[in-house]
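Topology and contacts: notes
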Amino acid sequence: MDNEIVLFNPPSPFLINQKCFLPLGILYLAAVLEKNNIPVKVVDLAGCEDNLELALNNYPGRLVYGISSSTPQYPYAKKIKEIIRNKERDATIVIGGSHPSSVPKKCLEDGFDCVVIGEGENAILDIAKAVREKKELPSLIQLPYISDLDSLPLPARHLLPINSYGYDIGQEGYATTIITSRGCAFNCVFCSKDVWQKSVRFNSVNYVIEELKSIISDYGIKHFLFLDDAINLKKDRILDLCLKLKPLGIKWRCYARADFNAKEILLAMKEAGCVFINYGIEAMDDVVLKNMKKALTTRQAIEGIEVTLRAGISPGLNIIFGNLGDNKDTLKKGVEFLLK
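Checked against the element boundaries, Asn232 lands in the loop between β11 (223-226) and α8 (235-245). Given the relative accessible area of 1%, Asn232 is considered buried. At 3.3 Å, the side chain of Asn232 forms a polar contact with the side chain of Asn261. Ignoring any residue separated from it by four or fewer positions in sequence, one finds Asn232 in contact with Ala256, Arg257, Phe260 and Asn261.

Okay, structure coming up:
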């Protein structure tokens with residue numbers, strides 16, 4: 001047991017349902033550790049915000065404690081660290097994820113032993129090796145991005161009760177999550193690039209199909225939410241993916257760019273089981289869109305939504321208020337457009 005690594009996902013009480021999404025980030029880390037014969041346990045503390053100390057009683061004396069944290073999770077990440085530290089003065093406590101990648105020095109000031117910036121799969125192996133060999137652990141670790149995402153093992157979904165998680169996709173039921181690319185090619189000012197760089201890396205279509213088949217086979221799940229920032233960036237890839245999704249008979253939803261919506265792509269997505277596309281249109285004012293460097297116009301957003309509806313797919317629309325140039329009039333435009 002003392003050689004085991006424990007990976008924690010902190011509570012997320014800001015969510016309506018804390019078990020909407022599997023913590024895929026730490027499940028990828030766990031899969032890499034398992035592949036390298038390093039014992040690992042994944043602990044999702046969803047819903048445990050009021051009894052963290054009790055929830056952490058079962059994990060004493062482990063090799064490394066790893067915590068993944070977004071910004072709203074960070075107060076709970078610190079509490080987890082404090083509880084472990086009070087019980088194990090010499091414990092090695094590592095933090096990674098979007099918040100630590102953005103403010104790594106602040107995390108060190110708050111008492112974490114090591115902060116992982118960016119991707120964590122190779123970093124967690126280096127950490128495990130350093131601790132096992134009793135070598136000095138760097139306070140900050142930032143390794144090159146993984147160029148071949150197909151080299152990664154599938155997320156270790158078996159380490160959590162996957163059927164207790166689900167994202168409601170309406171009449172189609174509950175979906176589990178999957179991600180088939182990392183990064184975004186755009187440069188919106190409201191978005192952080194501290195985890196993924198300004199480029200996109202893709203899993204091959206065959207890798208994606210094998211992952212879906214394994215989930216269907218192992219858990220009987222046939223509804224999915226694709227978490228890619230924009231699944232429709234590469235026309236040839238999305239068409240190939242849709243062609244190979246059709247025989248699986250799945251239902252799915254995704255995130256996409258409204259201005260990459262060729263009719264051919266949307267019809268292929270519909271035939272492959274896509275029931276809902278979430279678009280980040282952000283604003284219905286061209287000056288505000290330009291200020292936020294969205295690389296989208298209101299006309300492109302409207303046209304993308306119209307062609308989505310004609311293809312028989314439901315569109316979801318995200319509006320952000322509070323950007324440079326926003327005022328009561330721009331907010332009114334956004335609200336009126338959503339109502340329309």
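What follows deals with the side chain of His99. Mapping His99 onto the fold places it in helix α4 (residues 98-102). Not counting chain neighbours up to four residues away, the residues in contact with His99 comprise Ser69, Ser70, Thr71, Tyr74 and Cys107.

Relative to each other, helix α1 (residues 24-35) and helix α6 (residues 121-132) sit at 50 degrees, their axes nearing to 9 Å. For the element pair α1 / α6, the angle class is oblique. As α1 packs across α6, the resulting crossing turns out to be right-handed. For the pair formed by α1 and α6, the contact residues are Tyr28, Leu29, Val32 and Leu33 on the first element and Glu121, Ile124 and Leu125 on the second. In terms of residue class, the contact of α1 with α6 is made up of six nonpolar, no polar and one charged.

Let's shift gears to the sheet that holds strand β13 (residues 274-282). Read across the sheet, six strands follow the order β7-β8-β11-β12-β13-β14 without closing on themselves; strand pairing throughout is mixed. Looking along the sheet, the strands with just one partner apiece sit at the ends: β7 (167-168) and β14 (314-319). In this structure, β7 lies alongside strand β8 (residues 174-178), joined through two bridges in antiparallel fashion. The residue of β8 that forms the bridge with Asp168 is Tyr174.

Taking 1.5 Å per residue, 12 residues should reach 16 Å; α1 reaches 16 Å between its end C-alpha atoms and fits that length. Buried residues dominate α1, accounting for nine of its 12 residues. Among all positions of α1, only Leu24, Ile26, Leu27, Tyr28, Leu29, Ala30, Ala31, Val32 and Leu33 are buried. Following α1 by one or two positions, Asn37 adopts a phi angle in the positive range, close to 60 degrees.

Counting across every chain of the model gives 15 salt bridges. A network of salt bridges, in which partner residues are shared, links Glu119, Glu121, Arg182 and Arg201.

Reading across from one edge, β2-β1-β3-β4-β5-β6 is the order of the six strands in this open sheet, with parallel pairing throughout. The open sheet has two edge strands, β2 (40-44) and β6 (140-141), and neither has a second partner. Of the strands in this sheet, β1 (5-9), β2 and β3 (64-68) touch α1, which is tilted by about 170 degrees from β1.

For the rest of this paragraph, the subject is the environment of Val208. Here Val208 lies in helix α7 (residues 205-219). For Val208, a relative accessible area of 1% gives the class buried. On a C-alpha basis, the gap between Val208 and Ser181 in space is 9.8 Å, while along the polypeptide they are 27 residues apart.

Now for the nonpolar core. Counting 74 residues, the largest nonpolar core has Leu212, Trp252 and Met269 as its most contacted members. Element by element, the count of residues in this core is highest for α1, at nine residues. The next biggest cluster of nonpolar side chains, apart from the first, holds 24 residues, and it includes Ala55, Ala77, Ile80 and Phe112.

The rules behind each value
- Residues numbered from 1 in each chain as written.
- Predicted model: local features only at pLDDT ≥ 70, side-chain atom pairs only at ≥ 80, totals over all residues.
- Heavy atoms only, no water.
- Helix = DSSP H or I, 4+ residues; strand = E, 2+ residues; numbered from the N terminus.
- Buried < 20%, exposed > 50% of the residue type's maximum accessible area, 1.4 Å probe, protein only.
- Polar contact = N/O pair within 3.5 Å; in protein donor to acceptor, adjacent residues only side chain to side chain.
- Contact = heavy atoms within 4.5 Å.
- Axes fitted to C-alpha atoms, helices over the stretch in contact; angles between N-to-C directions.
- Parallel < 35°, antiparallel > 145°, perpendicular 65-115°, else oblique.
- Left-handed = near helix turned anticlockwise from the far one by under 90°.
- Nonpolar A, V, L, I, M, F, W, Y, C, P; charged D, E, K, R; others polar.
- Pairing = 2+ DSSP bridges.
- Expected span 1.5 Å × (residues − 1).
- Salt bridge = Lys/Arg side-chain N within 4 Å of Asp/Glu carboxyl O.
- Core = buried A, V, L, I, M, F, W, Y, C linked by side-chain atoms within 4.5 Å.

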